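Overview (structure and organization)
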Amino acid sequence: MPKPNVLFLMTDQQRADAMSCADDQDWVNTPHLDRIASEGVRFTNCTTTTPVCVPARVTLATGLYPHNTHVWQNIQYALPESAQTWMRTLRDMGYRTSLFGKTHLHPHRGDLREREGLLHAWGLDDVDEIGGPRASATVMSHMTARWQEKGLLEAYRADYADRFATKPHVVRPSTLPLEEYADVYVGQQAKAYLSTYDRPEPWFCWVTFGGPHEPWDAPEPYASMYDPAAMPIPHAKPEESDATRRPQGWLDSLIETRKPKFDEGDQAAMRANYAGNVTLIDDQIGEILDVIEERGELDNTVIAFTSDHGEMNGDWDLIYKMNFLDGAARVPLLFRSPETKSMGGKVIDVPVENVDLGPTVVEMAGGELDYHQFGQSLVSHWINGSTQQRTGMSQITGEFMITDGEHKMMVNREGEPYYLLSQSSEDFEARNRVNDAEMRNTIADLQVQLIERIAKSQLRAPWY
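All of the points below concern the structure found in this document.

Before going further, it helps to examine the overall build of the protein chain. Secondary structure assignment for the protein chain yields 14 helices and 13 strands. Seen through its principal axes, the protein chain has C-alpha atoms that stretch 65 × 50 × 45 Å. Looking at the protein chain as a whole, 62% of its 464 residues are labelled buried. Of the roughly 17600 Å² that the protein chain leaves accessible, carbon and sulfur atoms contribute 47%. In the protein chain, which carries 43 positive and 69 negative side-chain charges, the distance between the mean positions of the two groups comes to 4 Å.

Here's what the structure looks like:
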């Protein structure tokens, strides 16, 4: 049997609960992601390795954590040409590789078209790269050049300048028409590429959308698709007897200095617009799946889906990401292959990380990674019913978070635990128990597991 084709779908800033197959509140409709889940495997407890774009994407591509690469935040960083990636492994296996959309593996400035050689070095043959929603107001790409030719770019830039000068979380439709909206552009470019693909090699196509990253600017008809009154109520900041009796950390600083001022109805409006953007992307995914099916290739195509991190969307009265709370740190993770169709939509609850996607896809394609990295293939979880379990680990600004699926612990830069949150549905992130005497053994166990995770992943990035 020929090697399977590989479709890697990725979004930016999509919460784990922003799929209708993953949430029982029915606040967002994603029939095409639901189809992938129903014919594949859904991991419910996937932690991003770091809840911010650049380090999350560097880790996803290389399998090395921020404490290996020293990329802890969104900095002006370019992944070197010599960096080992699982995309290059697929190319070395005989795949024709392609990318449509955002990588953010090099700085969002200047003209992205001038740096396509970097993407080729990382293992990507055919590329059409864009910046993220914010960056597209300043960087040039094939997409923004098209906007300029159509007389759309200046209005887009003016809209962005106004949003961030007045109310960053304002909700209003994009100035772009639907057919030119960035997520539609990415979906349609990938669709056109796959519909005309005519090479002897199997294809690997990475479709990486810039949404549903803020701003909240989904175009019509998606902008008014969801009723703000029907949106889930944001999670409140948890109860805590006395925060001054515990160590302080990054989350405390974030709450103190970056908490936005919400007007009445802002959070519900944000969530409704966000849901519209997710459904817009899902519709683009549906069109891509239709093309693959029309080509008669769907039964020999591996599909993987994840996001780099989530979006708070008003939880704890916060927006954006850059913290270890569920809205920002837990992301969707789906795999689908011809072999998984008979499983009827397997759901796996063990803690995993989105760094595991690369080695999993390579194994599903019939290969293995031959360089040192820290992602783990998850295939055994559905092929052999493996019960092997590890904690989920995330890191940012020198801090760490660890979860065993029952509890989540945050540790500051001095190594001191300052948040302990339950992950059970009855008491989900509703109370900080780090000072509770009855939780001392749990904290000690998680500290040992975190130290072991860090100790076992002490490898300096060879290009650093």
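What follows picks up the thread again.
The buried count for strand S1 (residues 5–12) comes to 8 of 8 residues, which makes it a mostly enclosed element. Residues Asn5, Leu7, Leu9 and Thr11 of S1 are buried on one face, and the alternating residues Val6, Phe8, Met10 and Asp12, pointing to the opposite face, are buried as well. Two elements, S1 and strand S6 (residues 301–307), share 7 bridges in a ladder whose sense is parallel. Across the sheet, residue Met10 finds its bridge partner in S6, namely Thr306.

What follows covers the pairing of strand S5 (residues 203–212). Of all 10 residues in S5, 10 are buried, a share of seventy percent or more. Taken together, the 6 bridges between S1 and S5 define a ladder with parallel strand orientation. Looking at S5, one finds that Val6 is bridged to Phe204. Of the pairings in the sheet, the one linking strand S3 (residues 96–101) to S5 comprises 6 bridges and is parallel in character. Residue Ser98 lies in a different strand from S5, and its bridge partner there is Cys205.

On to the packing of helix H6 (residues 142–149) against helix H8 (residues 182–195). Interhelical geometry of H6 versus H8 gives an angle of 115 degrees and a closest axis separation of 11 Å. The element H6 and its partner H8 pack so that their crossing is right-handed. The segment H6 lies against H8, with His142, Met143, Arg146 and Trp147 engaging Ala182, Tyr185 and Gln189. Tallied by class, residues from the contact of H6 with H8 come to 4 nonpolar, 2 polar and 1 charged.

Judged by pairing direction, the sheet is antiparallel, and its 4 strands sit side by side in the order S10-S11-S12-S13 without closing on themselves. Both edges of this open sheet fall to strand S10 (392–396) and strand S13 (417–422), since each of them pairs with a single strand only. Each neighbouring strand pair of the sheet contributes to a mean axis angle of 15 degrees, computed without reference to strand direction. Looking at chain direction, strand S11 (residues 399–403) and strand S12 (residues 407–411) are connected through 4 bridges and run antiparallel. When the sheet's bridge partners are listed, Phe400 is paired in S12 with Val411. Contacts from helix H14 (residues 440–455) reach S10, S11, S12 and S13 within the one sheet, and its direction differs from that of S12 by about 65 degrees.

We now examine the nonpolar core. Core analysis: the largest hydrophobic core is formed by 46 residues, its most contacted members being Trp86, Phe204 and Phe335. The next biggest cluster of nonpolar side chains, apart from the first, holds 44 residues, and it includes Tyr193, Tyr197, Ile281 and Ile288.

It is worth spelling out the pattern of salt bridges at this point. For the structure shown, the criterion picks out 36 salt bridges. Among the ionic pairs, Asp263 bridges to Lys261, the shortest N-O distance being 3.5 Å. For Lys408, the salt bridge identified is with Glu429, shortest N-O distance 2.7 Å. On the criterion of sequence distance, the pair formed by Lys408 in strand S12 and Glu429 in the loop between S13 and H14 is long-range, its members being 21 residues apart. Accessibility classification places Lys408 together with Glu429 in one group, the buried group. One network of salt bridges, with partners in common, ties together Asp12, Arg57, Lys102 and Asp308.

Our next topic: H8. For H8, built from 14 residues, the straight-helix expectation of 20 Å at 1.5 Å per residue is met to within 8% by its first-to-last C-alpha distance of 20 Å. Regarding H8, the residues found buried are Ala182, Asp183, Val184, Tyr185, Val186, Gly187, Ala190, Tyr193 and Leu194. Buried residues belonging to H8 abut S3, strand S4 (126–129), H6, S5 and helix H10 (266–294).

Our next topic: unusual backbone geometry. With omega at 15 degrees, the peptide bond leading from Glu214 into Pro215 counts as cis. The step from Glu220 to Pro221 runs through a cis peptide bond, and the omega angle for that step is 10 degrees. As for its position among the elements, Pro221 is in the loop between S5 and helix H9 (250–257). Positioned with a positive phi, Met322 is a non-glycine residue whose angle comes to about 60 degrees. Relative to the elements of secondary structure, Met322 occurs in the loop between S6 and helix H11 (326–329). Here Thr397, not a glycine, exhibits a phi torsion of approximately 50 degrees, which is positive.

Another point: the side chain of Asp183. Along the chain, Asp183 turns up in helix H8. Here Asp183 sits buried without a salt bridge, and the closest side chain of opposite charge, Arg57, lies 9.4 Å off (N-O distance). A distance of 3.2 Å separates the side chain of Asp183 from the backbone nitrogen of Gly210, its partner in a polar contact. Filtering out sequence-adjacent residues up to four positions away, Asp183 remains in contact with Phe209, Gly210, Gly211, Asn277, Leu280, Ile281 and Gln284.

Thresholds applied
- Residues numbered from 1 in each chain as written.
- Predicted model: local features only at pLDDT ≥ 70, side-chain atom pairs only at ≥ 80, totals over all residues.
- Heavy atoms only, no water.
- Helix = DSSP H or I, 4+ residues; strand = E, 2+ residues; numbered from the N terminus.
- Buried < 20%, exposed > 50% of the residue type's maximum accessible area, 1.4 Å probe, protein only.
- Areas by Shrake-Rupley, 256 points an atom, 1.4 Å probe, with all protein chains shown as cover.
- Lys, Arg positive; Asp, Glu negative; His and termini not counted.
- Charge placed at Lys NZ, Arg CZ, Asp CG, Glu CD.
- Pairing = 2+ DSSP bridges.
- Axes fitted to C-alpha atoms, helices over the stretch in contact; angles between N-to-C directions.
- Left-handed = near helix turned anticlockwise from the far one by under 90°.
- Contact = heavy atoms within 4.5 Å.
- Nonpolar A, V, L, I, M, F, W, Y, C, P; charged D, E, K, R; others polar.
- Core = buried A, V, L, I, M, F, W, Y, C linked by side-chain atoms within 4.5 Å.
- Salt bridge = Lys/Arg side-chain N within 4 Å of Asp/Glu carboxyl O.
- Expected span 1.5 Å × (residues − 1).
- Polar contact = N/O pair within 3.5 Å; in protein donor to acceptor, adjacent residues only side chain to side chain.

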